[in-house]
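Descriptive analysis of the structure
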Amino acid sequence: MIELENVSKNFKDKQVIKQVSLEIQNGKITTIVGENGAGKSTIIGLICGYYFLTSGKITGKQVSVMPDADNMPINMTGHNFLSFMCDLKGASMQQALELSAELGIEQALNKKIKTYSFGMKKKLSFIQAYVGESYDAYIFDEPTSGVDVPSAYTMMALIRKLKSSNQAVLLTSHNMDELERVGDYFYILKAGSIARQGTLKEVTELGLANRRYMIDVSVDMKEQLKHFMESAGIKIVSENESYIEIEIMNHMDISEIMKPLLNADITINGFWEERSHLANVAF
Ligand SMILES: Nc1ncnc2c1ncn2[C@@H]1O[C@H](COP(=O)(O)OP(=O)(O)OP(=O)(O)O)[C@@H](O)[C@H]1O
């Protein structure tokens, strides 16, 4: 677990991180979301001790990090680099080799890193960050940028494994779908400050007084469904060919509508709560 309390950072006279407080808890994937220049990498740099704090406090500093920047020893082979990192971290080379196979770079390990593609270097960097135990947190700064889709999925599955073994993980990415799939807790960073934080459900709430649900209904049953809702006093806020959107008061339990609806013999194909997407609230 790592905790930041009121952390600020100035570069010369420019304050780029402003009173940021956040927690990277064990057994959770914590994410920082924000546009280019919002301050994500600077926060990671502060946690890792690359930069001095201007003010505030950070508790827990044993981190294993996959940095965003490409700063690998390009004249080493991938194998030598991993072996060096495993020695340094007291980690298992066997695990590093297994991860190399999972990410499809095992054939390239005998070659020098300078011959690697961008994505291959990212994979190598991911592996060196992943191996080893007993860290306060594992930090992955944009691990999947420039990585092919299957490998990005593999990386996310591996990160989930860290979470399952009760490790603390901090993840940044510009891929909102990816973050929505794996993130447990979100910090939305805007110009160096936390603008919003919470679970996906919390940060993407529409902020309306009432909740809205979309119902996908077969076309021939739509009128019947509308009639059902109107008789139950439920407001229909929009509709199209095969969907209706209803609004219910926040204090109302949706099962009060669902139970009688299931008994009403109306074929429902789908039912979900309308929420904003992470991208809508983050930018
Ligand atoms: N070493 C530095 N000296 C001066 N300013 C810096 C330094 N590093 C970062 N900055 C500034 O701090 C701000 C935050 O940058 P940072 O790299 O943390 O953003 P980011 O959210 O990681 O962006 P990206 O999504 O592009 O990676 C930017 O305005 C950047 O110009």
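Here's what I pulled together on the structure shown here. (Residues numbered from 1 in each chain as written. Predicted model: local features only at pLDDT ≥ 70, side-chain atom pairs only at ≥ 80, totals over all residues. Heavy atoms only, no water.)

**So, the environment of Ala232**
Looking at where Ala232 falls in the secondary structure, it is placed in the loop between helix H8 (222-231) and strand S11 (235-239). For the pair Ala232 and Thr154, spaced 78 residues apart in sequence, the C-alpha separation works out to 47 Å. (Helix = DSSP H or I, 4+ residues; strand = E, 2+ residues; numbered from the N terminus.)

**Considerations on the pattern of salt bridges**
Counted by the stated rule, this structure contains seven salt bridges. Among the salt bridges present, the one from Arg212 reaches Glu247, with a minimum N-O distance of 2.8 Å. Taken together, the residues Arg212 in strand S10 (residues 210-217) and Glu247 in strand S12 (residues 243-249) connect sequence positions 35 residues apart. With a relative accessible area of 25%, Arg212 lands in the partly exposed category. (Salt bridge = Lys/Arg side-chain N within 4 Å of Asp/Glu carboxyl O. Buried < 20%, exposed > 50% of the residue type's maximum accessible area, 1.4 Å probe, protein only.)

**Regarding the sheet that holds S11**
With antiparallel pairing, the four strands of this open sheet are ordered in space as S11-S12-S10-S13. The sheet is open, and its two borders are formed by S11 and strand S13 (268-273), each paired with just one other strand. In this sheet, neighbouring strand axes are inclined to one another by 25° on average, regardless of whether the strands run parallel or antiparallel. Relative to S12, S11 runs antiparallel, the two being bridged by four bridges. (Pairing = 2+ DSSP bridges. Axes fitted to C-alpha atoms, helices over the stretch in contact; angles between N-to-C directions.)

**Some thoughts on the packing of aromatic side chains**
On inspection of all chains with the given rule, the structure shows seven aromatic pairs. Look at Tyr135 and Tyr138: their rings are 5.5 Å apart centre to centre, the planes differ by 75°, and that puts the pair in the edge-to-face class. Assigned by exposure class, Tyr135 and Tyr138 land together as buried. When the ring of Tyr243 is compared with that of Trp272, the centres are 5.8 Å apart and the planes differ by 80°; the resulting orientation is edge-to-face. (Phe/Tyr/Trp six-rings, centres within 6.5 Å; stacked < 30°, edge-to-face > 60°.)

**Brief notes about the packing of helix H2 (residues 78-89) against helix H3 (residues 93-102)**
Put simply, H2 and H3 touch, their axes get as near as 9 Å, and they point 140° apart. Classified by the angle their axes make, H2 and H3 are oblique. When you trace H2 past H3, the crossing you get is right-handed. For the pair H2 and H3, the contacting residues are His79, Leu82, Ser83 and Cys86 in the first and Met93, Ala96, Leu97 and Ser100 in the second. Considered class by class, the residues forming the contact of H2 with H3 number five nonpolar, three polar and no charged. (Parallel < 35°, antiparallel > 145°, perpendicular 65-115°, else oblique. Left-handed = near helix turned anticlockwise from the far one by under 90°. Contact = heavy atoms within 4.5 Å. Nonpolar A, V, L, I, M, F, W, Y, C, P; charged D, E, K, R; others polar.)

**Here we look at the site of the ligand**
The full set close to the ligand counts 14 residues, and Asn36, Gly37, Lys40, Ser41 and Thr42 are the nearest of them. A distance of 2.8 Å is found between an oxygen atom of the ligand and a backbone nitrogen or oxygen belonging to Gly37. The side chain of Lys40 places a nitrogen or oxygen atom 2.7 Å from an oxygen atom of the ligand. Within the complex, the protein chains bury 64% of what would otherwise be the 640 Å² of accessible surface of the ligand. Listed by contribution, the elements that provide at least two residues to the shell around the ligand are strand S2 (14-24) and helix H1 (40-48). With three residues, H1 is the single largest residue contributor to the shell around the ligand. Each residue belonging to the shell around the ligand can be placed in one class, and the counts come to three nonpolar, six polar and five charged. (Near = heavy atom within 4 Å. Polar contact = N/O pair within 3.5 Å; in protein donor to acceptor, adjacent residues only side chain to side chain. Areas by Shrake-Rupley, 256 points an atom, 1.4 Å probe, with all protein chains shown as cover.)

**Some thoughts on the side chain of Lys226**
Along the chain, Lys226 turns up in helix H8. Owing to a relative accessible area of 15%, Lys226 belongs among the buried residues under this scheme. Other than its neighbours up to four places away in sequence, Lys226 contacts Ile236, Glu239 and Ile244.

**Quick notes on H2**
When the terminal C-alpha atoms of H2 are compared, their 16 Å separation across twelve residues agrees well with the 16 Å that a helix rising 1.5 Å per residue should span. Among the residues of H2, Gly78, Phe81, Leu82, Met85, Cys86 and Lys89 are the ones counted as buried. All buried residues of H2 lie within an arc of 130° about the axis, which places them on one face of the element. For H2, exposure combined with an orientation more than 90 degrees from the buried face picks out Asp87 and Leu88. Buried-residue contacts for H2 involve strand S5 (63-66), H3 and helix H4 (118-130). Looking at the residues trailing H2, positive phi occurs at Gly90, about 65°. (Expected span 1.5 Å × (residues − 1). Arc of directions from axis to C-beta.)

Honestly, it's all geometry; don't read function into it.
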